Amino acid sequence: MSAGTRHEAARAAGMMAAVSVNTRGVMTESGRGKERGGRDGWKRDIVRQLKHRDQNQHAMFTDLIRFSFHNKRSPQEVMMLESGVDDEASSRQKKFWFWVSLRDLDTASQSACEQRETSSRSPVVSVSPGDTHLLDKTSLAKGILSCSARRPSADSSSITTLLHRNNQLKKTTGELAYQVVELQQKIKIKECFLEEQHARLSEDERRAGAASDARQELQQRVEQVQGENGALKMEYDALLERQRGAETRLREENLRGGHLLEEIMHMKKQAATRMNSRNERKSSRKRRGHSVCSLEEDLMTPVGICLYARVPVRACQVLEAHEQGINAVRFSSSSDLLATGGTDRVIKLWEVRSGSLTHRATLDGSTEGITCVEFDATCRRILAASYDKSALLWRLDDPVPKLTLTGHSRKVTAARFSSFPHQVVTGSADRTIRLWDLQRAACVQVTEVASSCSDLVCPENCIISGHFDSKIRVWDTRTVNCVQQLPAQGKVTSLDVSADHRQLLSCCRDDCLQLVDLRRWSSNNRMCFRADGFKCGSDSTKAVIRWLFSSRSGSADGAVYHLNVSTGNLETRLPDQHSSSISAVSWSLSGEYVVSVDKSRLAVLWSDI
C-alpha cells in the first residue's frame, strides 16, 4: 500500500471516530431524557434502531469493508493479482490480507469507542449536512461498539447475530474476491487469444494483399501474352497467305513444266522419226543418235579365258584399302585391274603387277556405301550399286559418274551388265528388278518379286536372281518374265556363273554352297558343298567359281576356303590374315590371283607364286 493510500485511510478513520463521538453525544442526551421516562424503554429503542440500521446500511458497511480491504493490500498481493497466479499459496495469502483488513477495522472501532468515552465530557458537536453520507456509513459500527461497551451481557444475542453475519459477509467477500481473480485470469487468457487472432488476421491480410498483387501481375502478364499471341496470329495469317500464293505459283509452274515436258517429248518423237527416216535412207552407213555411249564402248574386244586355275597358297600383300569396311571386290577381264567398294562411299581402282596392288584412282559420287561393283567387257566402264537407292556408271578415266540410275525405293544390292549392249540390270531390297537402257538413261522394265533380291548374274539371254526367300529365279531378258524357280538351301547371299556360262554357284546363309547345271534345270542336277569351319558371315557374303570346277569363298572366321567342286573336297584353307568376317572374294580370269576383303578395311592379295 502506498503512503498516500495509508494517509487517506487514517483520515477516514479519524472522521469516523469524530462522527461516532458526536453521535454518542446525541444518543447520550436522548438516553438521559428517556431515563427520566424509564430505564427499560431506551434499551428496546436502541436495539430497534440498530436492527433497522443494520438492515438499511448493510450495503454501506460492505462498501466500508471493501474499501478497507483494498487499502490493506500489499504490493506482493497486487502483483500476484495482476499476473493471474492462481495457486494454493496465493489463495491463502489473499485470505490472510482479508482478515488483516477486518482486524484493522475492529481496531478502528475500538479506538472510536475510547474516543467516545473521553469526549463524553465535552460539549455536543452538531453534524453538518456535508458529513451525513459518512455518518450513515459509520453509524452502524458506532452503535455496535457503544452497545457492546455499555451493555455486553444484555445484547449478547444481537452481537452474536451481527458477528455471524459479519463472518458470512467476510466469507462471501473472500469468495467474490477469489472469483474476481479467476475472472481476471480468464480475461487475460481471452486477451492473449484475441492478440493471436489479431496477429493471424494481420497475416491473412498481408497474404491477401500479396495474392492481390500477384493476381494483378498475372493479369498484366496475360494481357501481354494475349498481345503477343495477337501479333503471332497476324504473322501466321500473313505466312498462310504467302503459302497459298506459293502453292498457287507452284501449281502454275507444274502445269508449265508438264506442258514443256509434253513439248520436249513431242520434239524428241519428231527427232526420232526423222532419225529413223534418215537411217532407212542411209542404211549403208550407220549413224548414231543422241546416246550417252561412245562408239569405242560398243566395240567388242576379245577376252581371254582361263584354262587352268592355280591354287593360291600364300598372301602376297595385305593392306588397308579403305577408311571403312569393304563390301565388294572385282577383277577386270584383263586381270590387271582390281576394283573395291566400301562403306566409305568410294570405289578404288588398283593395278595388279608382280604380286602387289598399286592404287590407281578413286571414283566418288555415291552418297552412301557401295554394295556391288562390275567391269564391262571392254574394261572401260565400271558399274556399282549403292545404299543410296541408285546405281552409278563411271568411265575409268573420269572420277565423276557418267550416269546415275535412280528409281528404287530401297538400297540397290546388285548391278550387272546385261548380255545385250547398252543395258544393265539392277536388283534391290524393294523387291523389284529393273532393266535400264544406257542410251536413254532410263528404266525400260520393272518386275516385282515376292522377296528382296540379294544378287544377280547375266548369262546369255537370261537373268538369274537370288532372293531372301530361299529361291533362285530365272528371267527371260526379252520379256523379263520369270521362266524358272529353283529352291535353295537357305537365304541366298550371292551368285556367280562360270566362264562358259554352264555352271551356277550360289552361297546360302545355311553355310552351304550349291552348284547348278544351267543346261538342265532339274533339281537332280544340284550339288551341295560344305566344309568344316566354314560359316556364311552375312547376307552379302560372296563366293566365286572358276575353271576346272574350283570354287572359293570367304568365311565368318576370317579364313578363305578353296573347294574342288568335282570331288567336293576342301583343297586349301588360308587363315591368319583377316581379323573379321570376309565379305567378298574375287578370282582373276587368268587364275593367278585371288583377292579377299573384310569388314575391317583389309584387302589381301593371294597367289601361288
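In the annotation of an unreviewed UniProt entry, the chain is listed under the name Autophagy-related protein 16-2 and assigned to Nibea albiflora.

(A) Highlighting the overall build of the chain. Looking only at helices and strands, the chain features eight helices and 28 strands. Looking at the chain as a whole, 39% of its 609 residues qualify as buried. Look at the contacts in the chain between residues 6 or more apart in sequence, and 50% of them connect residues 24 or more apart. With the model as given, the accessible surface of the chain reaches about 34300 Å², and the carbon-plus-sulfur share is 52%.

(B) Molecular detail of the nonpolar core. Ranked by internal contacts, the top residues of the largest apolar core, which has 15 residues, are Leu-338, Leu-357, Val-595 and Val-597. Taken together, the elements giving at least two residues each to this core come down to strand S2 (326-331), strand S4 (347-353), strand S27 (593-598) and strand S28 (602-607). When neighbours within four sequence positions are excluded, Val-597 is seen to be in contact with Ile-326, Val-329, His-578, Ile-582, Ser-583, Ala-584, Leu-602 and Ala-603.

(C) The arrangement of the confidence of the model for the chain in detail. Looking at the chain, pLDDT values average 75 and 68% of them are 70 or higher. Low confidence marks residues 78-89, where pLDDT is under 50. Its contacts with residues over four positions away, or in another chain, come to 17 contacts. Contacts of residues 295-307 to residues separated by more than four positions or lying in other chains number 22 contacts, the stretch itself having pLDDT below 50.

(D) The sheet that holds strand S11 (residues 423-428), seen in detail. A sheet is described by the order of its strands in space; here four strands give the open sequence S10-S11-S12-S13, paired in antiparallel fashion. Looking at strand neighbours, the two that pair on one side only are strand S10 (412-417) and strand S13 (442-448), the edges of this open sheet. For this sheet, the mean inter-axis angle between neighbouring strands, taken without regard to orientation, is 20°. Here five bridges tie S10 to S11, and the two strands are oriented antiparallel to one another. The residue of S11 that forms the bridge with Val-412 is Ser-428.

(E) Geometry of the sheet that holds S27. One open sheet accounts for four strands, arranged S1-S28-S27-S26; its pairing is antiparallel. Across the chains shown, the open sheet's two edge strands, defined by having one partner strand only, are strand S1 (314-320) and strand S26 (582-587). This sheet shows a mean twist of 20° between the axes of neighbouring strands, independent of strand direction. Bridge analysis of S1 against S28 gives six bridges, and the strand direction is antiparallel.

(F) Spatial organisation of the state of the cysteines. In this structure the tally under the stated criterion is zero disulfides. Cysteine Cys-507 remains unbridged, with the sulfur of Cys-536 as its closest cysteine sulfur at 4.1 Å.

(G) Representation of the side chain of Asp-430 in the model. Position of Asp-430 among the secondary structure elements: in the loop between S11 and strand S12 (432-437). Side chain to side chain, Asp-430 and Ser-428 meet in a polar contact 3.0 Å long.

(H) Structural view of the pattern of salt bridges. Applying the stated rule across the entire model yields 15 salt bridges. Glu-241 is paired through a salt bridge with Arg-244; the nearest N and O atoms lie 3.0 Å apart. Of this pair, Glu-241 and Arg-244 both sit in helix H7 (residues 156-281), three residues apart, which is roughly one turn of that helix. Two residues, Arg-473 and Asp-469, come together in a salt bridge whose shortest N-O distance is 2.8 Å.

(I) Fine view of unusual backbone geometry. The backbone of Cys-379 sits at a positive phi, close to 60°, despite the residue not being glycine. If you trace the backbone, Cys-379 turns up in the loop between strand S6 (370-375) and strand S7 (381-386). According to the relative accessible area criterion, Cys-379 is buried, its value standing at 18%. Even without being glycine, Arg-431 reaches a positive phi, approximately 65°. Inspection of the secondary structure assignment puts Arg-431 in the loop between S11 and S12.

Calculation rules
- Residues numbered from 1 in each chain as written.
- Predicted model: local features only at pLDDT ≥ 70, side-chain atom pairs only at ≥ 80, totals over all residues.
- Heavy atoms only, no water.
- Helix = DSSP H or I, 4+ residues; strand = E, 2+ residues; numbered from the N terminus.
- Buried < 20%, exposed > 50% of the residue type's maximum accessible area, 1.4 Å probe, protein only.
- Contact = heavy atoms within 4.5 Å.
- Areas by Shrake-Rupley, 256 points an atom, 1.4 Å probe, with all protein chains shown as cover.
- Core = buried A, V, L, I, M, F, W, Y, C linked by side-chain atoms within 4.5 Å.
- pLDDT = per-residue confidence, 0-100.
- Pairing = 2+ DSSP bridges.
- Axes fitted to C-alpha atoms, helices over the stretch in contact; angles between N-to-C directions.
- Disulfide = S-S within 2.5 Å.
- Polar contact = N/O pair within 3.5 Å; in protein donor to acceptor, adjacent residues only side chain to side chain.
- Salt bridge = Lys/Arg side-chain N within 4 Å of Asp/Glu carboxyl O.

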